[in-house]
Amino acid sequence: MNTELLGRTSSENNHKLTQEIFLASYENGYIIEKTLTIPHCTNCKRFLPDRYTLGVCPACDYAGAKGDQCEKCGRLLDPTELLHPRCAVCGHATIEFKDEKHLFLDFTALQEKLHKWIEGQSWPDNTKNFALGWIKEGLNPRCVTRNLKWGVRVPLKKYDNLVFYCWYNAPIGYISITKDAYEQGKIKKDWKSYWTDSNIYHFIGKDNVPFHTIFWPGTLIAAHDLKYQLPHYVAGYEYLNWEGEKFSTSRGIGLFSDEALDLFPADYWRFYLASILPESKDSNFDWTDFQNRVNSELIDNYGNLFYRATYFIEKNFEGRVPLAHLGEKERELQWHLEKTINKVKELIEDVKLREALREILSLASATNKYFQDQKPWASDDAATTLYTTVNILQPLSILLSPYIPDAADRALKCLNAKKELSSRFSLEPGHEIKAEILFKKIDSIEKVKKYKTKYIKKDLAEKTSKLEAKGAVKANKSIGKESSALTNPDALAMVNNMMSFKEFEKVDLRVATITSVEDHPNADKLYILQIDLGSEQRQLVAGLRLKYTKEQLRGKQIIVVTNLEPRELRGTRSEGMLLAAEDGTILQPLAKVPNGSKIM
Ligand SMILES: [Zn+2]
Ligand SMILES: [Zn+2]
């Protein structure tokens, strides 16, 4: 199993496959033309998302109504209904409405086929009911094109000004990325067979259910001659919360995976997340629970047993599996192993991953108990106990390998064993093995608990727009119910790297006077400043030492950001930030003003 195949939907293969799938749907009569009326600013020379057209509300005369809704009276609007429309980007009344012909995938025509297909699936109840709910509401034709300069071109002369909407070609990325990987030699089996001759399983969050149960299968049904398989199983998971709260990039709740990996190995995360997988209801990430489960269920139960048994053999039997005489207890354990293998196979086939993990861990517990009870360190027949234990550890490591692939790999290397799952004991007496400590226990979680994600919303927006500029959007990028780019209120701000006035208003800038200046004891470039903010005194740490003498600063008025989170700079607390140009020249009011005056 390889879990690390990443690719881009900007690839040549994605362009080709998207056009191929589209043309097949077109030939089959599932593509229809409709006219859309879209606001366009002649000053900015761009089409505007609905929310970026402002005007007077036809219902309540509110002058700041947005093209999708009037915030004053709540009425849902179409941009064409606004009186005196103007552009939210440049502020000018240079709006014209352009009629534009677009192409739609005819989901009304696909509805019955989709309905029948969904009825026949044995997906989890929540996923299936969600999909059937959409069908029941009735499906409408869905626009597949946009008027943009970049993207996958529509391969029809009449529409060659249009490109495909990302909801349409993003899931085609599943197929094109497989093709890319095949052409790059990363996979050996023919790329197409993965999508024409396999059972396809999708693991997604519940917000993605409509895309994987309706829009993506509908896309494939419309192009049925190409013989791509419809999803075999769609696991639409409920939500995972973070310490009792929703993940939020703007509030810094949660971690990004690179941050998570800085803290603990991937196996710890995989193990814990699999054990709390939100299969049927929302679940919660909890640091203390994380520590407890990793330490007791993974490390005590499996990792320590592994080390104790292999170390004992290394030390007392020259690293060779000893000769054994199996008795009733050993037979019993072997039977438990056989039962576990069968049960886990069944559960994995039913995509009950959490329950499968529980079964595996219960075998680990039983083996642990056996080892403890037999006390090989004080017994005449340590050989039998050790032979049995390592022969269980081999299949146990294989059973655990989907959950902890790195550690399981190392374990099998130590056991010098093949990755063949069987209840037959295959490590013969004399077989050479090595000992290894597979995991390090989590000592203290207190420090980690305070760890906050360093990506707040603005950074994320920058990151995303940079990535999008590079075309590095992943195929499995989550697609909301409303296709993102055109309606997302943050989309424009993200693209232009702007912030809303509301966001700017959060920054509290005030005038302060520097009352004292001292050298920072641990840093050559830093001063410690005491400042008077009128209602309070504060301490700042600032890198001004190479630019100003203490005398030049004392008594001067400065501008301070007062609501930044306090920081420790080389061991000294800084409760704000003064404004300066990039060369270090500080900003000062032109005339003296009362300390604490707000800058606006
Ligand atoms: Zn109104
Ligand atoms: Zn404009």
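These numbers come from a predicted model, not from an experiment.

Rules of the game
Residues numbered from 1 in each chain as written. Chains lettered and ligands numbered in written order. Predicted model: local features only at pLDDT ≥ 70, side-chain atom pairs only at ≥ 80, totals over all residues. Heavy atoms only, no water. Pairing = 2+ DSSP bridges. Helix = DSSP H or I, 4+ residues; strand = E, 2+ residues; numbered from the N terminus. Domains from an automatic or database assignment. Salt bridge = Lys/Arg side-chain N within 4 Å of Asp/Glu carboxyl O. Buried < 20%, exposed > 50% of the residue type's maximum accessible area, 1.4 Å probe, protein only. Donors = N, O, S within 2.8 Å, 3.2 Å for Na, K, Ca; no water. Tetrahedral: all angles 85-135°; square planar, octahedral: opposite > 155°, others 65-115°. Patch = residues over 30% accessible without salt bridge, like charges linked within 9 Å, V, L, I, M, F, W, Y side chains within 5 Å. Areas by Shrake-Rupley, 256 points an atom, 1.4 Å probe, with all protein chains shown as cover.

Colleague: Before we go on, may I ask you to explain the pairing of strand β1 (residues 31-41) in this structure?
Modeller: Every regular strand shows the same layout, with side chains that alternate between the two sheet faces. Note: β1 against strand β6 (residues 95-105), eleven bridges, orientation antiparallel. Pairing of H40 across the sheet is with E96, part of β6. Pairing of β1 with strand β2 (residues 46-47), which is carried by two bridges, proceeds in the antiparallel orientation. Residue pairing for β2: C41 is matched across the bridge by R46. Between the end of β1 and the start of β2, which pair antiparallel, lie four residues, with K45 showing a positive phi angle near 55°.

Colleague: What's the story with the domain arrangement of the protein in this structure? I'm lost.
Modeller: One frequent convention defines the size of an interface as the accessible area lost when the parts assemble. Segmentation of the protein into domains returns domain 1 (255-452) and domain 2 (507-578). Distance from the C-alpha centre of domain 1 to the C-alpha centre of domain 2: 54 Å.

Colleague: Help me understand the sheet that holds strand β14 (residues 509-519) in this model?
Modeller: Backbone hydrogen bonds hold the strands of a sheet together, and the pairing may be parallel or antiparallel. Within the open sheet, the five strands sit side by side as β16-β15-β14-β17-β20. Their pairing is antiparallel. The open sheet has two free edges, formed respectively by β16 (537-542) and β20 (577-578), since each of these has just one partner strand. Where β14 and strand β15 (residues 527-532) come together, six bridges link them in antiparallel fashion. Directly across from I514, in β15, lies its bridge partner I531.

Colleague: Sorry if this is basic, but what is going on with the pairing of β16 here?
Modeller: Relative to β16, β15 runs antiparallel, the two sharing six bridges. By the bridge assignment for β16, Q530 is matched with Q539. Here β15 folds back onto β16 in antiparallel fashion, the turn holding four residues, of which G534 has a positive phi close to 85°.

Colleague: How should I be thinking about the pattern of salt bridges in this particular structure?
Modeller: Evaluated as defined, the whole model comprises 21 salt bridges. Across the pair D373 and K369 runs a salt bridge, and its minimum N-O distance is 2.9 Å. One end of the pair is D373 and the other is K369, both in helix α12 (residues 353-374) and four residues apart, which spans about a single turn. You can call D373 partly exposed: its relative accessible area is 45%.

Colleague: Any chance you could explain the coordination of the zinc ion (ligand 2) here in plain terms?
Modeller: Six octahedral donors at a metal ideally form angles of 90 or 180 degrees, and four tetrahedral donors ideally form angles of 109.5 degrees. In this structure, C41 (SG), C44 (SG), C87 (SG) and C90 (SG) serve as the protein donors to the zinc ion (ligand 2), at separations of 2.2 to 2.4 Å. Around the zinc ion (ligand 2) sit four donor atoms, and with donor-metal-donor angles ranging over 106 to 112° the site reads as tetrahedral. Considered as a linear motif, the donors of the zinc ion (ligand 2) on their single chain read C-x2-C-x42-C-x2-C. Remark: C87 occurs in strand β5 (residues 83-87) and C44 occurs in the loop between β1 and β2; sequence separation between them is 43 residues.

Colleague: Honestly, a nonpolar patch on the surface in this entry has me stumped. Any pointers?
Modeller: A cluster of nonpolar side chains, F501, F504 and V507, forms an exposed patch at the surface whose accessible area comes to about 290 Å². Looking at where F504 falls in the secondary structure, it is placed in helix α19 (residues 501-505).

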